[in-house]
Amino acid sequence: MKKISLRKCTVSTGITALLAAMFACSDSWLEPKPLSFYTPENAYVNAEGLYGALTSCERNMRHEFFGDAAPIVTEMIQADICVEGTTDKAGPQMDMDNTLLPDMDLNNGDKTKVGWYWYEGYKAIKYSNVVISRIDAATFKDEAEKNAVLGAAYFQRAYRYFKLTHQFGDVPYLDGELTIPKYDFYSYDRWSILEKIQEDMEFAYQWVPEKVDRGKTSKAACGVLLMKICMTLGDFDRALEIGKEIVANHPLMTNRFTANQSKAHTNLMHDLHSVEAKLDMSNTEGLMYVVAYPEVDGSDRVQTMRNGVPFWNSGAIKTPDGQTGTSVNIAADETDPEMDLNKTYGRGIGRARPTNYFQYTIWTDKEKNDLRGPFNHDSWRRMEDLRYNNPSLKGKSEWYGKNFVKNPAMSVEDSIRCWFMWPHYKLFVPDPLQQQWAGGETPWYIYRSAEVYLMMGECYYWKDMKQEAANMLNVVRGRAGADPLTAADINIGAILDERARELYYEENRHLELVRISYIYARTGKPCEVFGGRTYKLDNLSGPGGTGSNVKETGYNFWYDWVVTKNNFYNKGVKHKWAEYKISVHHILWPVPASAINTNYGGILNQNIGYPGAENNITPLKVGEETPAGK
């Protein structure tokens, strides 16, 4: 199928002028004349030009969720819901004690994308700062247009700082355009950065328009980010005020609304997470998207199936009598479409391997009718649903066309990578232009109203208003068909369970756990799921010391929760290449050594527990001058 191109073609209108000049009396036509001056001074002169600069930020947002080993997978495996499933090599993030270090290759699809968040985060901050710094020199039709552009730039910058301060803690703060190389950065106190971006996002929430094109920053998106910042800083009342405004304007989609409703074995969740739903401008639930459009040149492939579906074609799936059971290619005379495993489920390699917590623990009797969970065989798929389809078996083996049976002698490596359940409704994206369906071109949700309800529920939890918290969670649960919760059910575990059910492969799971960890440490609120345990800010990353790799509970909520819920880490699962291990200080990621080493004129702090932290100095606060006026 031919792709439609989005690439712009330009035609020079200077040909006539050039011909006239050739016959003039002067030889001036021989002097080279540029067709245009596409420089910042000429491009960033109005709203259109400045919005164009923000396109780079929007593209950068898409890259977090798209492609093989997408960075979002790193966020998922540094948490409770998943682990790295690539078991055929050394290097992937399994043994964090030995692979999550500052001088490792931290931006590599076969290892980790921790470094991606650092480098790409600051790229987007750079692009945003160009707009912010040049806003007063541009021309606008009115003040509202100017403020809308500035608000969108504030959002893009704050979106990155919110991630960076939860992934890396104290980080450099840049508030303006850099016009010359700079090698004297200093770390800034994360709390002062959060206070600054809260101020920026209040402005953005006031001025950014509600109705925007897909992929652009909306007022509601600004509101969601502002809610997250307010919650981190303990302003739960302001977060609730914003949340109520958002859901009043953006109700959940509670009825089937796409062409998928005519397809067998689908339900409302298939509708909500389909390509069609994300293209549908009447979808009231989607608040912000990144975009990649089917059949459009320049779009990207999300590859959710490659990352999140088991590696059923690895050769490890054998029939009970020992024959290779699967194939991407089907028998030439096969007429049953479900025998085409590639196009029915997607050809995965199991990078994001779900934990028992995500596959089993969070799905209780209260979720027996939940459309989002494994009790619903239309929504989830399990290996036993797939059938042996290798063409070499047809007409020769009794197992051809029969459902998979797990080999009791399957190796640990293959069991990790090739045998688990997954949320088919969320990960399946048709990929018709490829031979192997890994996950095609589609918009993807960044924020939805469902998350806003869950955030409001969490705000009520922090305010000790448990019935109100249950009411908020029940809006989302009721849409999915789950039984309602009561006030007695509410604790941070219930909130995190609900986020996992609703936001798999959407939320930054590691970041959200860290956010909650900081709130516990800042407020001193007892954590009910750990018997009333309390936490402190001054030792959140543990006692420190290079190579200490502390594995004691009580320092931070992130570690305590992950080692309690993630069976790979709490059981010390091993395979021939690695053992799954994390430590207390992995709550924050290491600042890449290359960033520190090339910053010869300043000092970037390293996080406690990693080599180099012994050289740390007191971080600056936003508004303070750097040492010696640098």
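Residues numbered from 1 in each chain as written. Predicted model: local features only at pLDDT ≥ 70, side-chain atom pairs only at ≥ 80, totals over all residues. Heavy atoms only, no water.

A. Up close: the packing of helix α9 (residues 219-232) against helix α18 (residues 449-462). With their axes 11 Å apart at the nearest point, α9 and α18 run at an angle of 20° to one another. With respect to α18, the element α9 is oriented roughly parallel. Along this stretch, α9 crosses α18, giving a crossing that reads as left-handed. Side by side, α9 and α18 meet where Val224, Met227, Lys228 and Met231 of the first sit next to Glu451, Val452, Met455, Met456, Glu458 and Cys459 of the second. (Axes fitted to C-alpha atoms, helices over the stretch in contact; angles between N-to-C directions. Helix = DSSP H or I, 4+ residues; strand = E, 2+ residues; numbered from the N terminus. Parallel < 35°, antiparallel > 145°, perpendicular 65-115°, else oblique. Left-handed = near helix turned anticlockwise from the far one by under 90°. Contact = heavy atoms within 4.5 Å.)

B. View of the packing of aromatic side chains. Tallying each qualifying case throughout the model produces 34 aromatic pairs. For the ring pair tryptophan 191 and tyrosine 518, a centre distance of 5.6 Å and an interplane angle of 90° mean the geometry is edge-to-face. Taken together, the residues span a long stretch of sequence, with tryptophan 191 in helix α8 (residues 190-207) and tyrosine 518 in helix α21 (residues 509-523) at a distance of 327 residues. For tyrosine 518, a relative accessible area of 6% translates into the label buried. These aromatic residues form a ring-pair network of at least three members: Trp116, Tyr117, Trp118, Tyr122, Tyr161, Phe168, Tyr173, Tyr188 and Trp589. The ring centre of phenylalanine 375 lies 5.3 Å from the NZ or CZ of lysine 368, which sits over that ring. Positioned over the ring face of tryptophan 191 is arginine 522, at 4.2 Å from the centre of the ring. (Phe/Tyr/Trp six-rings, centres within 6.5 Å; stacked < 30°, edge-to-face > 60°. Buried < 20%, exposed > 50% of the residue type's maximum accessible area, 1.4 Å probe, protein only. Lys NZ or Arg CZ within 6 Å of the ring centre and 35° of its normal.)

C. Spatial organisation of the side chain of asparagine 390. Within the secondary structure layout, asparagine 390 lies in the loop between α15 (356-361) and α16 (412-418). Relative accessible area serves as the criterion here: at 12%, asparagine 390 is assigned to the buried category. At a separation of 2.9 Å, a polar atom in the side chain of asparagine 390 contacts the side chain of serine 392. Other than its neighbours up to four places away in sequence, asparagine 390 contacts Thr324, Gly325, Thr326, Ser327 and Tyr400. (Polar contact = N/O pair within 3.5 Å; in protein donor to acceptor, adjacent residues only side chain to side chain.)

D. Structural view of the packing of helix α3 (residues 47-63) against helix α6 (residues 114-134). Where α3 meets α6, the axes come as close as 8 Å, and the angle between the chain directions of the two elements is 165°. When the axes of α3 and α6 are compared, the pair comes out roughly antiparallel. Pair α3 / α6 crosses with left-handed handedness. Between α3, through Leu50, Ala53, Leu54, Ser56, Cys57, Asn60 and His63, and α6, the contact on the second element is made entirely by Trp116, Glu120, Ala124, Tyr127, Ser128 and Val131. Here the residues of the contact of α3 with α6 are counted per class, giving eight nonpolar, four polar and one charged. (Nonpolar A, V, L, I, M, F, W, Y, C, P; charged D, E, K, R; others polar.)

E. Local environment of unusual backbone geometry. Not every positive phi belongs to a glycine, and alanine 69 is a case in point at roughly 55°. Within the secondary structure, alanine 69 sits in the loop between α3 and α4 (71-77). What makes alanine 69 buried here is its relative accessible area of 6%. For aspartate 464, which is not glycine, the phi torsion reads 60° and is therefore positive.

F. Focus on the side chain of asparagine 556. Structurally, asparagine 556 is set in the loop between α21 and α22 (557-565). Under the relative-accessibility criterion, asparagine 556 is labelled buried at 0%. Among the polar contacts made by the side chain of asparagine 556, one reaches the main-chain amide nitrogen of tyrosine 559 at a distance of 2.7 Å. Only 3.2 Å separates the side chain of asparagine 556 from the backbone oxygen of valine 584, close enough to count as a polar contact.

G. Quick look at α22. In terms of burial, α22 is a largely internal element, seven of the nine residues being buried. Within α22 the residues assigned to the buried category are Phe557, Trp558, Tyr559, Asp560, Trp561, Val562 and Val563. Those residues of α22 that are buried are in contact with α15, α20 (492-503), α21 and α23 (567-570). Where α22 begins, the capping side chain belongs to asparagine 556, and its oxygen is found 3.3 Å from the backbone nitrogen of tryptophan 558.

H. Up close: the pairing of strand β5 (residues 286-290). Counted residue by residue, β5 has five buried out of five residues, so it is predominantly covered. Both β5 and strand β8 (residues 444-448) contribute to a ladder of four bridges, which runs antiparallel. Across the sheet, the residue bridging to glycine 286 is arginine 448, located in β8. (Pairing = 2+ DSSP bridges.)

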